[in-house]
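What follows is the residue order along each chain.
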Amino acid sequence: MSVLPQWNLAPLDGREAAVPAERPPLQLRPPRHRVERRAIAWWTAQAALLVLPLLAALLVCALLIPPARFWLLLALVVVGVLGLAYIGVMPQWRYRVHRWETTEDAVYTSAGWLSQEWRVAPMSRIQTVDTVRGPLQQLFNLSSVTVTTASAAGPLTIDGLDREVAADVVARLTETTQATPGDAT
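Numbering of residues starts from 1 in every chain and runs along the sequence as written. The predicted origin of the model limits local features to residues at a pLDDT of at least 70 and limits the giving and counting of side-chain atom pairs to 80 or more, whereas totals for whole chains, interfaces and linings rest on all residues. Just so you know, side-chain values use all the structure's heavy atoms and leave hydrogens and water out.

### Considering the side chain of Thr-177
Right, on to step 1. Tracing the sequence through the fold places Thr-177 in helix α4 (residues 163–179).
Right, on to step 2. A polar atom in the side chain of Thr-177 sits 2.8 Å from the backbone oxygen of Leu-173.
Right, on to step 3. Between N or O atoms, a polar contact is any pair within 3.5 Å; within protein, one atom must be a potential hydrogen donor and the other a potential acceptor, and residues adjacent in sequence are included only when both atoms are from side chains. Polar contacts involving the side chain of Thr-177 include one to the main-chain carbonyl oxygen of Thr-174, which spans 3.1 Å.
Right, on to step 4. Not counting residues up to four positions away in its chain, the partners in contact with Thr-177 are Met-123 and Ile-126. Each helix corresponds to a stretch of at least 4 residues labelled H or I by DSSP, and each strand to a stretch of at least 2 residues labelled E; elements are numbered beginning at the N terminus. In this description, contact between two residues means that some pair of their heavy atoms is separated by no more than 4.5 Å.

Listed below in structure tokens is the structure:
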């Protein structure tokens, strides 16, 4: 499959000149691919690493500061209930929402769990493609792919990809963007 534009010959002042054929405009649509199922465990671990130290700090403070013990234990219960709900619900919800897809024309993403966002980046606008593997991602054999464009909305990020899938996506995007005409601005 060629990623180069189709050309039509159109008369121009009695001569024929090559001009790019019209492509249909890109449509904002749901991407087709889910992230790796292991992303649920990764997001759960991230949430636990956020909530559990806060609970531990509240418990220690409640034990060490008797005059504020009632309020600290109350805060511990509230944070515990909300934190456990966050740990239990957020990763599952994010997995249901997160989607991604790359085509010859664009990168499509759907992300978020509380605030959901759908984005499309045309290949001609892509400036860089990066892979990130933090310590927790390495533990779960996952990667994130970041596609940077000139958009004021910032880069598109695809979290929770299998490490090998992410490497393939980066290679394909790099190859496609190099072959796509445009100034990426």
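### A look at empty space enclosed by the protein
Right, on to step 1. Cavities and pockets were defined on a 1 Å grid built from protein atoms only: a cavity is a group of points that admits a 1.4 Å probe but offers it no way out, a pocket is an open group of points flanked by protein on both sides within 12 Å along at least five of seven lines, and a lining residue is one with an atom within 4 Å of any such point. Grid points are joined across faces, edges and corners, and a volume is the space filled by probe spheres set on the points. Under the definition given, this model contains one cavity of 30 Å³ or more.
Right, on to step 2. If you add up the space inside the largest cavity, you get close to 30 Å³.
Right, on to step 3. Along its surface, the largest cavity is lined by Val-35, His-98, Arg-99, Trp-100, Thr-109, Ser-110, Ala-111, Thr-157, Ile-158 and Asp-159.
Right, on to step 4. Of all the secondary-structure elements, those providing two or more residues to the lining of the largest cavity are β4 (99–102), β5 (106–111) and β9 (156–162).
Right, on to step 5. The class makeup of the residues in the lining of the largest cavity is four nonpolar, four polar and two charged. Ten residues, namely Ala, Val, Leu, Ile, Met, Phe, Trp, Tyr, Cys and Pro, are considered nonpolar, four, namely Asp, Glu, Lys and Arg, are considered charged, and the remaining ones, Gly among them, are considered polar.

These results come straight from atomic positions and should not be treated as a statement about function.
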